[in-house]
Amino acid sequence: MKRLLSLFMISALLLAFGCSSEPEKKADAPAEPAKKAMYVFGGGPAGGTFQTVANGIQVLPAIKSNSLFTVKAQSSGGSVENLRTTNSGRVAFSTVYAGEVFLGRNGKMKNDDKKYEDVLVVGYLYGAPAQLVIRKGSGITSAKDLEGKKVGVGNAGSGAFANCERFFTHLGIWDKIERNAMGYNDAAQAFGNEQLDAFWLLTAFPSGAVIMAAQTNDIDLIDLGKDATDSGYFDAYPYFGKLTIPAGTYRGVDHDTPSFFDSALLVANADVPADVIYELCKIVWSPEGLKHMVEQKKTFKAMSVEDGLKGVNPSATPLHPGAEKFWKEKGVLK
């Protein structure tokens, strides 16, 4: 009995002095501010418009100040590389040509039957025409005249390279030229040093690389529209559109030059949250966002809410759910 009383008295004393078997509860610490998610935007090679897209969106004031996420531009080989890295989730956003999006989704890429189904369309950026630069007075009047010539064919892994290979293979000259895989600026420099007879681009005009080449050379452009029409290229690849590069676009090229173009699309990985994509669309396609993009390069005058899905067939190349919500609200998508 005495032992029980002693234990009781000890317990009472412990309670009286505030001691207990439970640890003392500390006051709640102030919650740390949530960190913004950071998403990588795959750009392109130096001198190309793809990298300008990524850089421009990265520094857009409303992107930098929004509370949801930030964007980090990262250079890349171009369209084909972007297709693969976006599909794998190594980058969240990128620019990819509509042709690669379509062919990749359907497992029809050259020597690659993988289906890239996690690349979803966000919106149309601009049309990228094929341009083939030669020296004035060279006697080259068609791409077929390049047989045996040294040609810059675009950066390996880029949409320019893939489209050059596709077009030249269609014409039967891909294996008959001396191919030099390099970016646009490097090609313009090599052309200026007479290390190339011609170089190919698939980018918006005016191209800085072609302007560079025209500063030290008398240049001309090949009529690729005629080559494409005569060879049945538009029948074989119906996602290409027709356009004309106006006379005076480049120094010394005083004639209109018909060509064909692919659509450069902003795409995203399927796992990027819909609210992030929706917010991105609201910022980029706002009046302030569009003005900012044009300030980066005149090419982006092609961007508008009205043409936000130009060249996009959602049944063939599906939209990201966040983009779908945005374009429906804008009345572009029914």
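Residues numbered from 1 in each chain as written. Predicted model: local features only at pLDDT ≥ 70, side-chain atom pairs only at ≥ 80, totals over all residues. Heavy atoms only, no water.

### Some words on helix α2 (residues 49-58)
No. 1: Of all 10 residues that make up α2, seven are buried, and the element is covered over most of its length.
No. 2: Where α2 is concerned, the buried positions are Thr49, Phe50, Gln51, Val53, Ala54, Gly56 and Ile57. (Buried < 20%, exposed > 50% of the residue type's maximum accessible area, 1.4 Å probe, protein only. Helix = DSSP H or I, 4+ residues; strand = E, 2+ residues; numbered from the N terminus.)

### Overview of helix α5 (residues 98-105)
No. 1: In terms of burial, α5 is a largely internal element, seven of the eight residues being buried.
No. 2: Buried within α5 are the following residues: Ala98, Gly99, Glu100, Val101, Leu103, Gly104 and Arg105.
No. 3: Against the buried residues of α5 lie α4 (79-88), β3 (93-97), β4 (119-135), α6 (159-171) and β10 (257-269).
No. 4: Count one or two residues on from α5 and you reach glycine 107, which has phi positive near 65°. (Contact = heavy atoms within 4.5 Å.)

### A look at the packing of aromatic side chains
No. 1: Counted under the stated rule, the structure contains 22 aromatic pairs.
No. 2: Their ring planes at 85° and their centres at 6.3 Å tell us that phenylalanine 234 and phenylalanine 260 sit as a pair that is edge-to-face. Taken as a pair, phenylalanine 234 in helix α10 (residues 233-236) and phenylalanine 260 in strand β10 lie far apart in primary sequence, 26 residues in all.
No. 3: Taking the relative accessible area as the measure of exposure, phenylalanine 234 reaches 14% and is therefore buried.
No. 4: Both rings, one in tyrosine 237 and one in phenylalanine 240, keep their centres 6.5 Å apart while their planes meet at 70°; by these two values the pair is edge-to-face.
No. 5: On the basis of relative accessible area, phenylalanine 240 is assigned to the buried category, the value being 7%.
No. 6: Three or more aromatic residues link up through ring pairs in this structure, and these residues are Phe167, Phe168, Trp200, Tyr233, Phe234, Tyr237, Phe240 and Phe260. (Phe/Tyr/Trp six-rings, centres within 6.5 Å; stacked < 30°, edge-to-face > 60°.)

### Here's the deal with the side chain of histidine 320
No. 1: Here histidine 320 lies in the loop between α12 (287-296) and α13 (321-329).
No. 2: Among the polar contacts made by the side chain of histidine 320, one reaches the main-chain carbonyl oxygen of valine 272 at a distance of 2.8 Å.
No. 3: With near-sequence residues (within four places) excluded, histidine 320 lies in contact with Leu120, Val121, Ala268, Asn269, Ala270, Val272, Pro273, Ala274 and Ile277. (Polar contact = N/O pair within 3.5 Å; in protein donor to acceptor, adjacent residues only side chain to side chain.)

### Here we look at the nonpolar core
No. 1: By size, the foremost hydrophobic cluster in this structure holds 102 residues, and its most contacted members are Phe93, Phe168, Trp200 and Trp285.
No. 2: Those residues in contact with tryptophan 285 that lie beyond four places of it in its chain are Val122, Gly123, Tyr124, Leu125, Leu266, Leu290, Met303, Ser304, Val305, Phe326 and Trp327. (Core = buried A, V, L, I, M, F, W, Y, C linked by side-chain atoms within 4.5 Å.)

### Focus on the confidence of the model for the protein chain
No. 1: Confidence in the prediction of the protein chain, expressed as mean pLDDT, is 89, and 90% of residues score 70 or more.
No. 2: Across residues 1-27, confidence stays below pLDDT 50; counting only partners more than four residues off in sequence or on other chains, it has one contact. (pLDDT = per-residue confidence, 0-100.)

### Some points on the packing of α4 against α5
No. 1: Look at α4 against α5: their axes get within 10 Å of each other, and the N-to-C directions meet at 50°. When the axis of α4 is compared with that of α5, the two are oblique. Where α4 crosses over α5, the handedness of that crossing is right-handed. Here α4 contributes Ser79, Val80 and Leu83 to the contact with α5, which in turn contributes Glu100, Val101 and Gly104.
No. 2: Classifying every residue of the contact of α4 with α5 by side-chain character gives three nonpolar, two polar and one charged. (Axes fitted to C-alpha atoms, helices over the stretch in contact; angles between N-to-C directions. Parallel < 35°, antiparallel > 145°, perpendicular 65-115°, else oblique. Left-handed = near helix turned anticlockwise from the far one by under 90°. Nonpolar A, V, L, I, M, F, W, Y, C, P; charged D, E, K, R; others polar.)

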